[in-house]
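Observations on chain architecture
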Amino acid sequence: MEAKQLQTLKQNNALLCQFIVKLSAFYEGFSDKIDTELKVLRGHLSGTPNFSLAAVSIEKLNKSLQHQEITLRKYSVDTVSSLEDAMKQLQKIVFQDSELKGLTTQELIKLNQPVGDIFSIYKLYAKAIALHRIALNKKMVGLEPTGSVEAPSNKQENSTTRSLKDDNPHYRSILVELNHLITSYAQKKPNDPQLNDIKQRLDDGMDEDQLLKSCVVILRMIVQDAMSEASLTGKVIQSLHRSLGEVSDDVNNTIQGSQAQFEQRQAGNEQLKREISHIEEAVSESSSLEALKEQTQFRVEKLVSTLSEQQSNDQQGQEALMALLSSMQSRIDTLQQQTSVYKKKLAEQAMQSRTDPLTRLPNRQAYNEKLDAAYAHFKSSGDTLAVAVVDIDHFKSINDRFGHAAGDKTLQVVSKFLKQSLSENDFVARWGGEEFVMLLPNTQMADIDKKLNEVRTKLAAMPFKFKQEKVKITASFGATCFGENDTTETVFERADEYLYKAKRNGRNLVVTDLSTDL
């Protein structure tokens, strides 16, 4: 090997050693065992490198890393999930404070966006701690200050509060509604480039300016659809009006024709009466048989002529009437077809407004309508009625690891599974995100607890596979029965609280009125 090549190789080795030393120091703190071995490796590579001993350390590190159960990505996902649970709990506690509720909601939005690196979690932690401190200082019911939490200085607190107040409290609600609209329109127009662009921006995270621009695009689509629908409705109404007008004209013509035919028949009858009267006169006044015969024959010819004319008029009137009736029937058939098409379209629109476009389950609006009817029946009949809330565990990690298409597929499969697992009288709807809500009438809580645990166990055993990787999907459940003094709101809040108990106690769990040990 030439001296110049050897010199280049030594320089590259030295550069690589320095890089490994700095990189190992950068990740110090990940694991005590790995930190110790990294320190040994840095000793072998510092100064005059000893590659033989370094190779031994690298081999030990490889084995340690292979058996390391937790990865930085998994740590990030689990940490964000824990933060999300904490922020949801805080959101329930501060629900009476509109400002704090808006700020916690906004943080939940950020927690639902993909986390780029582990250091981004620190910012999320800082915001979460700041919000908890503000809630503590406001002495929110459900939060008690502890001695382990140091109060921030006035300067830090004021700075954090001002920073949080600068955020738009309406951002969360707008973003949620935009997500629903995008999901709905994406089903109708899967290849629309504007919709796909906005959906991608929502997945990646967008600032307020981008959010407003996206809202303008969706508003234009809504207006365009509304105008198109109004145009279709107008055309149908015009067609109905025209058809009804034509039927009305036909009816008038039929009435006029019948009147004319009636008058002609009356005139013909009068003529017949006169001819018969003439025959009677001839019979009484004739002096000879020949004269009577001649006069009778003349009057009979007149009778025959009048009857023939009357018969001809009747036939023409009958033909005209049949033609009018046939025309009316044709127009009525057309009218019925147009009305049927329009009724079908209205029924489809009503169904779509109550159906979640992704999972094809009933949506929140359909659930509210079903709940009102079930609650009224519960109050009048005294039958049992229960509400259960279901949440897919670690759903955000599925989106982060495998993409939103995998998340959508998971929602569809779980939705179908939940629907098939319930009885005919039970009702399940998608509440939003990865949450579902059930109505369970005429069932005792012991049976509900057993049924939901069976559903939970079967779901956990279902084979899911994303990108050739097997994934276990689990869900947490909270269920409660209506009491005599309960409202629909109090029951849902209790079921939701049970759900969060299931989350806090390890997930993949059912918590009901019977779960007194939690």
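Residues numbered from 1 in each chain as written. Predicted model: local features only at pLDDT ≥ 70, side-chain atom pairs only at ≥ 80, totals over all residues. Heavy atoms only, no water.

1. What to know about the overall build of the protein
Looking only at helices and strands, the protein has 16 helices and seven strands in total. Looking at the 518 residues of the protein, the share that counts as buried comes to 35%. Considering only contacts in the protein between residues 6 or more positions apart, those separated by 24 or more positions represent 68%. A total of about 32000 Å² of accessible surface is found on the protein, and carbon and sulfur atoms cover 53% of it. (Helix = DSSP H or I, 4+ residues; strand = E, 2+ residues; numbered from the N terminus. Buried < 20%, exposed > 50% of the residue type's maximum accessible area, 1.4 Å probe, protein only. Contact = heavy atoms within 4.5 Å. Areas by Shrake-Rupley, 256 points an atom, 1.4 Å probe, with all protein chains shown as cover.)

2. Quick word on the packing of aromatic side chains
All chains considered together, the criterion is met by seven aromatic pairs. Pairing Phe402 with Phe466 gives two aromatic rings, centres 5.3 Å apart and planes at 45°, and the pair type is tilted. In this pair, Phe402 is assigned in helix H13 (residues 395-402) and Phe466 in strand S4 (residues 464-466), connecting sequence segments 64 residues apart. A relative accessible area of 9% means that Phe466 is categorised as buried. Taken together, Tyr367, Trp431 and Phe492 form an aromatic cluster joined through their ring pairs. Between Arg364 and the ring centre of Trp431, over which it is positioned, the NZ or CZ distance is 4.1 Å. (Phe/Tyr/Trp six-rings, centres within 6.5 Å; stacked < 30°, edge-to-face > 60°. Lys NZ or Arg CZ within 6 Å of the ring centre and 35° of its normal.)

3. Quick notes on helix H14 (residues 404-421)
In a regular helix each residue adds 1.5 Å, so 18 residues correspond to 26 Å; H14 covers 25 Å between its end C-alpha atoms and thus fits that length. All buried positions along H14 are accounted for by Ala406, Gly407, Thr410, Leu411, Val414, Ser415, Phe417 and Leu418. On its buried face, H14 is in contact with strand S1 (385-392), H13, strand S2 (427-432), strand S3 (435-441), helix H15 (445-461) and S4. (Expected span 1.5 Å × (residues − 1).)

4. Considering a nonpolar patch on the surface
Taken together, the side chains of Leu16, Phe19 and Leu23 define a hydrophobic patch exposed on the protein surface, amounting to about 290 Å² of accessible area. Turning to its location among the elements, Leu16 is positioned in helix H1 (residues 3-26). Note on Leu16: relative accessible area 48%, which makes it partly exposed. (Patch = residues over 30% accessible without salt bridge, like charges linked within 9 Å, V, L, I, M, F, W, Y side chains within 5 Å. Salt bridge = Lys/Arg side-chain N within 4 Å of Asp/Glu carboxyl O.)

5. Let's talk about the nonpolar core
Val414, Leu418, Phe436, Met438, Ile448 and Leu452 are the most contacted members of the largest nonpolar core, which totals 33 residues. Elements with a contribution of two residues or more to this core: S1, H13, H14, S3, H15, S4 and strand S6 (475-481). If we ignore the near neighbours within four places in the chain, the residues touching Val414 are Ile392, Phe436, Leu459, Phe464 and Ile473. Formed by 18 residues, the second largest nonpolar core is a distinct cluster that contains Ala429, Phe482, Phe492 and Ala495. (Core = buried A, V, L, I, M, F, W, Y, C linked by side-chain atoms within 4.5 Å.)

6. Topic: the side chain of Glu434
Within the secondary structure layout, Glu434 lies in the loop between S2 and S3. Beyond its immediate sequence surroundings of up to four residues, Glu434 is in contact with Glu84, Lys88, Val390, Asp391, Ile392, Phe395 and Leu411.

7. Looking at the confidence of the model for the protein
Per-chain confidence: the protein averages 76 in pLDDT, with 71% of residues scoring 70 or above. Predicted confidence is poor over residues 145-169, with pLDDT under 50, and the contacts of this stretch with residues over four places away or in other chains come to 20 contacts. (pLDDT = per-residue confidence, 0-100.)

8. Re the pairing of S2
When you tally the buried positions in S2, you get six out of six residues, the bulk of the element. As paired strands, S2 and S3 are joined by five bridges and run antiparallel to one another. Looking across to S3, one finds that Gly432 is bridged to Glu435. Here S2 folds back onto S3, and the loop between the two strands holds two residues, one of which, Gly433, carries a positive phi near 60°. (Pairing = 2+ DSSP bridges.)

9. Regarding helix H16 (residues 488-504)
Because an α-helix packs 3.6 residues into every turn, residues spaced three or four apart end up facing the same way. Here H16 contains 17 residues, and its C-alpha end-to-end distance of 25 Å stays within 8% of the 24 Å for a straight helix at 1.5 Å per residue. Among all positions in H16, only Thr488, Val491, Phe492, Ala495, Asp496, Tyr498, Leu499, Tyr500, Ala502 and Lys503 are buried. Just downstream of H16, Gly506 is the residue with a positive phi angle, here 110°.

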